[in-house]
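The chain contents come next:
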Amino acid sequence: MPSQAVTTVALLGDPDAPTEIAHRVARKLPERLSERAGDGREFDVHVISEPFTAGAEDPATLRRRVLERRREQDWDVVVALTDLPLHAHGRKLAVDLDHEHGMAVLSLPSLGGLGFQRRARRAVEDAVLNLTQAQAAGADGTPRREPLLTFVGRFAPIRRSRTDDEAVDLRYVVTGPRGHLRLLLGMVRANQPWRLVPGLSKALATALATGAIATVNATVWSLAGSLSSPRLAIATVGSIALMIGWLIVDAGLWHRTADASPEARQRDALYNASTVVPLGLGVLVCYVGLVAVNLLWALFILNDRVYTSVTRTPLDGGQYWTLAWFVASVATVGGALGSSLESDEAIRAAAYSKREQERLRMLRDEHKEHER
């Protein structure tokens, strides 16, 4: 370890979410590192936002870029954070550590979606302590004792893996079905599905207008009253699926590469699942909102005498609910058509993180070059 009393730690984060996470972790990181190190060591932590994954997903390329930045700034330890899932030899990487150069690369989606902040903090702390203790052992000429990574619990779907890469002496990968599910949830979280609702303003406006008109339509009253709950549920699933499918096709969100290898197909399936899930969550939130708005609108506008004269059914709470439910499905179909008014870039911005947008833009450019 360097002779200075203070160890300089750099958190190198991709722009957007990784940088935000790095700033949150850095707030209490010096104190926590000093407490866990237990030898009076002090830490000076810096957060740097830099697109070190731009145009590349290969772990070896990313490590080379991080190492170049470390040498430029003379940091003691650098931990690079990205919201892209990283792959090597068919395995999904969680973290790579290079003790010789005091460097770690952490793929944030491998931490999952639930308890993400806690896992991210522990992963960064473990990586820094692992690297600094290895440096201290090397400087003293004593054998390096590998510290346990505490964020890799006994039941966590992350395991140590062998690596043929000489630049990596400690690698952890995501394993098993639970690990793949955790990775998918992490990718969904990275795409920030809550941004989809405000990102589809024109589609929502069309859906609200469709719902307002349908609520006062006598034919819709009769149809809603004649539908059973199972058929209303089918209408719900169908309208949501139509909205998701329309968004994917219209904005070109489906990921497909020319590479026919099993690894490429598995990667495509993972990326497409991480597209469908946040879109589904966003559309579901919109649907629930439409039900609430339509219910309030029906309570305000409908007249019991007029409704009964058309449907031969008294207007009670059940009728209000059934009508609002059915109209939400009709309005969602109208919103799907209204989503065509949104620009493709606006939909992609609502559906993807910035890193994912850049990755897809690069793939589209490569596809165009290949066609030429």
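Remember, predicted model here, so these are calculated numbers, not experimental data.

Draft legend 1. The arrangement of the pairing of strand β8 (residues 170-174) in detail. Judged by how many residues are buried, β8 sits mostly within the fold: five of five residues are covered. The two faces of β8 match: Leu170, Tyr172 and Val174 on one face and Arg171 and Val173 on the other face are all buried. As paired strands, strand β5 (residues 91-98) and β8 are joined by five bridges and run antiparallel to one another. Considered in β8, the bridge of Val95 is made with Tyr172.

Draft legend 2. Region of the structure containing the environment of Thr19. Tracing the chain through its elements places Thr19 in helix α1 (residues 17-26). For Thr19, a relative accessible area of 10% puts it in the buried group. Along the backbone, Thr19 and Asp83 are 64 residues apart, and their C-alpha atoms lie at a distance of 9.8 Å. If we skip the residues at most four places from it in the chain, Thr19 touches Gly13, Asp14, Val47 and Ser49. Polar contacts involving the side chain of Thr19 include one to the main-chain carbonyl oxygen of Gly13, which spans 3.3 Å.

Draft legend 3. Up close: the UniProt feature "transmembrane region" (unreviewed entry) in the protein. UniProt's feature table lists "transmembrane region" (unreviewed entry) at residues 203-224, 230-249 and 270-300, given in the numbering used throughout. Between the first and last C-alpha atoms of residues 203-224 the distance is 23 Å; the span itself is 91% helix and 0% strand. The span residues 230-249 carries 100% helix and 0% strand; its end-to-end C-alpha distance comes to 28 Å.

Draft legend 4. Structural view of unusual backbone geometry. The phi torsion at Asp16 lies on the positive side, around 80°, for a residue other than glycine. The backbone of Arg312 shows a phi angle near 60°, a positive value even though the residue is not glycine. With respect to the secondary-structure elements, Arg312 resides in the loop between α11 (304-311) and α12 (317-338). Residue Arg312 is classed as exposed on the basis of its relative accessible area of 67%.

Draft legend 5. Highlighting the packing of helix α7 (residues 201-215) against α12. Running from N to C, α7 and α12 point in directions that differ by 140°, and their axes come no closer than 7 Å. One finds that α7 runs oblique with respect to α12. Crossing geometry of α7 relative to α12 is assigned as right-handed. Between α7 and α12, the contacting residues are Lys202, Ala203, Thr206, Ala207, Thr210, Gly211, Ala214 and Thr215 on the first element and Leu323, Val327, Val330, Ala331, Gly334, Gly335 and Gly338 on the second. Considered class by class, the residues forming the contact of α7 with α12 number seven nonpolar, seven polar and one charged.

Draft legend 6. Here's a closer look at helix α2 (residues 29-37). Burial in α2 covers these residues: Leu29, Pro30, Leu33 and Ala37. In an axial view of α2, the angular spread of the buried residues amounts to 100°, which keeps them on one side of the axis. Summarising the geometry of α2, the exposed residues directed more than 90 degrees from the buried face are Glu31 and Glu35. Looking one or two residues beyond α2, the residue adopting positive phi is Gly38, at roughly 70°.

Draft legend 7. Structural context of the pattern of salt bridges. Tallied over the entire structure, the rule returns eight salt bridges. Across the pair Asp96 and Arg171 runs a salt bridge whose closest N-O atoms are separated by 2.7 Å. With a gap of 75 residues between them, Asp96 in strand β5 and Arg171 in strand β8 connect regions that are remote in the sequence. Of the two residues, Asp96 and Arg171, neither departs from the other in class, the shared state being buried. The structure contains a network of salt bridges with shared partners spanning Arg32, Arg36, Arg121, Glu125 and Asp126.

Draft legend 8. Representation of the side chain of Ser329 in the model. Counting through the fold element by element, Ser329 comes out in helix α12. Polar side-chain contacts of Ser329 include one of 2.7 Å to the side chain of Tyr287. Leaving out residues up to four positions away in the same chain, Ser329 has contacts with Ala235, Thr236, Ser239 and Tyr287.

Draft legend 9. A look at the packing of helix α8 (residues 218-226) against α12. At a minimum axis distance of 9 Å, the contact between α8 and α12 shows a crossing angle of 105°. Relative to α12, α8 is oriented roughly perpendicular. On the side of α8, the interface is formed by Val220, Trp221, Leu223, Ala224 and Gly225, while α12 contributes Gln319, Thr322, Leu323, Phe326 and Val327. Of the residues in the contact of α8 with α12, the class split is seven nonpolar, three polar and no charged.

Reading guide: rules and limits
- Residues numbered from 1 in each chain as written.
- Predicted model: local features only at pLDDT ≥ 70, side-chain atom pairs only at ≥ 80, totals over all residues.
- Heavy atoms only, no water.
- Buried < 20%, exposed > 50% of the residue type's maximum accessible area, 1.4 Å probe, protein only.
- Helix = DSSP H or I, 4+ residues; strand = E, 2+ residues; numbered from the N terminus.
- Pairing = 2+ DSSP bridges.
- Contact = heavy atoms within 4.5 Å.
- Polar contact = N/O pair within 3.5 Å; in protein donor to acceptor, adjacent residues only side chain to side chain.
- UniProt positions renumbered as here; feature names shortened; annotations may be inferred.
- Axes fitted to C-alpha atoms, helices over the stretch in contact; angles between N-to-C directions.
- Parallel < 35°, antiparallel > 145°, perpendicular 65-115°, else oblique.
- Left-handed = near helix turned anticlockwise from the far one by under 90°.
- Nonpolar A, V, L, I, M, F, W, Y, C, P; charged D, E, K, R; others polar.
- Arc of directions from axis to C-beta.
- Salt bridge = Lys/Arg side-chain N within 4 Å of Asp/Glu carboxyl O.

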